[in-house]
Amino acid sequence: MLRRLALAAGLALSSPALAVELGDDGLHKPTWLRETFKDLREDLAEANAEGKRLMLIYEQRGCIYCTEMHEKVFTDSAIEKLIRDHYFVVQLNLFGDVEVTDFDGTTLSEKQMALRWGVMFTPTLIFLPEEVPQGVSAPDAAVAMMPGSFGKGMTEALLIWVRDHGYDSGENFQKFVAERMATGN
């Protein structure tokens, strides 16, 4: 009996503790994602009205790196708090057919927009400024893009750097990360 309890406890501890629900599209659906009509101009206005930054995240069904980000990085309490408190997150599907309207008025499916924007990796995080000039596309307006999966330290640093407008001061992101590492943050 004790052996069975030990085995059950071991299995419970070895399972992902914070698995994130998958949607019908096979993408992770944390509660901080926003369901929108994917008109980026409207999404930016809504993010600004809430005092948050617009962040787009491209993902795909079966992406092991997306799973890693959702289960090991985004579930970190400090990172999840940064996202909830400071970001308005819209998910896009690398192979999806939902229409997306870019800031310049171009409307394409998610997969066509990914090609237009040069998105090749999932996950890819795209961070937008509070104001996007007329006629500019999302990647041209972006203040930062993170293609691929990164660990907690790098992801948290990027969320803080964007939140605090590190790019406005000309502060190099890698220098920002190195300074955080040197001070133990």
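The present account deals with the structure reproduced in this document. Note that the structure is a prediction, hence the values are computed from the model and not measured.

## Regarding the sheet that holds strand E5 (residues 124–127)
Within a beta sheet, neighbouring strands are joined by backbone hydrogen bonds and run either parallel or antiparallel to one another.
(1) Moving on: Spatially, the four strands line up as an open sheet ordered E2-E1-E5-E6, and their pairing is mixed. With one partner strand each, in any of the chains shown, strand E2 (87–93) and strand E6 (144–147) form the two edges of the open sheet. Neighbouring strand axes in the sheet, compared pairwise and without regard to direction, differ in orientation by 15° on average.
(2) Moving on: The sheet contact formed by strand E1 (residues 53–59) and E2 spans seven bridges and is parallel. Across the sheet, residue methionine 55 finds its bridge partner in E2, namely valine 89.
(3) Moving on: Packed on one face of the sheet, helix H4 (residues 77–86) meets E1 and E2 and runs near 100° to E2.

## Some remarks on the environment of glutamate 42
(1) Moving on: By the element assignment, glutamate 42 lies in helix H2 (residues 40–49).
(2) Moving on: Given the relative accessible area of 46%, glutamate 42 is considered partly exposed.
(3) Moving on: Taking the C-alpha atoms as reference points, glutamate 42 and threonine 101, 59 residues apart in sequence, are found 9.4 Å from one another.

## A few points about the pattern of salt bridges
In a structure, side chains of opposite charge can pair up when their charged atoms sit close to one another.
(1) Moving on: Within the structure shown, the criterion is met by twelve salt bridges.
(2) Moving on: The salt bridge partner of lysine 81 is aspartate 85, with a shortest N-O separation of 2.5 Å. Of this pair, lysine 81 and aspartate 85 both sit in helix H4, separated by four residues, roughly a single helical turn.
(3) Moving on: Classification of lysine 81 as exposed rests on a relative accessible area of 52%.
(4) Moving on: The partner of aspartate 104 in a salt bridge is arginine 116, and the shortest N-O contact between them spans 2.5 Å. Of this pair, aspartate 104 sits in the loop between strand E3 (99–101) and strand E4 (107–109) while arginine 116 is found in helix H5 (residues 110–117), placing the two residues twelve residues apart along the sequence.
(5) Moving on: Its relative accessible area of 37% is what places arginine 116 among the partly exposed residues.
(6) Moving on: If you follow the salt bridges from partner to partner, you end up with Asp102, Asp104 and Arg116 in one network.

## Describing the layout of surface pockets
(1) Moving on: Estimates place the volume of the largest pocket at around 200 Å³.
(2) Moving on: In terms of lining residues, the largest pocket is bounded by 14 residues, among which Asp25, Lys29, Lys38, Gln91 and Glu110 are the most central.
(3) Moving on: At three residues, the largest contribution of residues to the lining of the largest pocket is made by E2.
(4) Moving on: Grouping the amino acids of the lining of the largest pocket by side-chain chemistry returns four nonpolar, three polar and seven charged.

Cut-offs used in this document
- Residues numbered from 1 in each chain as written.
- Predicted model: local features only at pLDDT ≥ 70, side-chain atom pairs only at ≥ 80, totals over all residues.
- Heavy atoms only, no water.
- Pairing = 2+ DSSP bridges.
- Helix = DSSP H or I, 4+ residues; strand = E, 2+ residues; numbered from the N terminus.
- Axes fitted to C-alpha atoms, helices over the stretch in contact; angles between N-to-C directions.
- Contact = heavy atoms within 4.5 Å.
- Buried < 20%, exposed > 50% of the residue type's maximum accessible area, 1.4 Å probe, protein only.
- Salt bridge = Lys/Arg side-chain N within 4 Å of Asp/Glu carboxyl O.
- 1 Å grid on protein atoms, 1.4 Å probe; cavity = no way out; pocket = protein on both sides within 12 Å on 5 of 7 lines; lining within 4 Å.
- Points joined across faces, edges and corners; volume = space filled by probe spheres on them.
- Nonpolar A, V, L, I, M, F, W, Y, C, P; charged D, E, K, R; others polar.

Any functional reading would require information that these geometric values do not contain.
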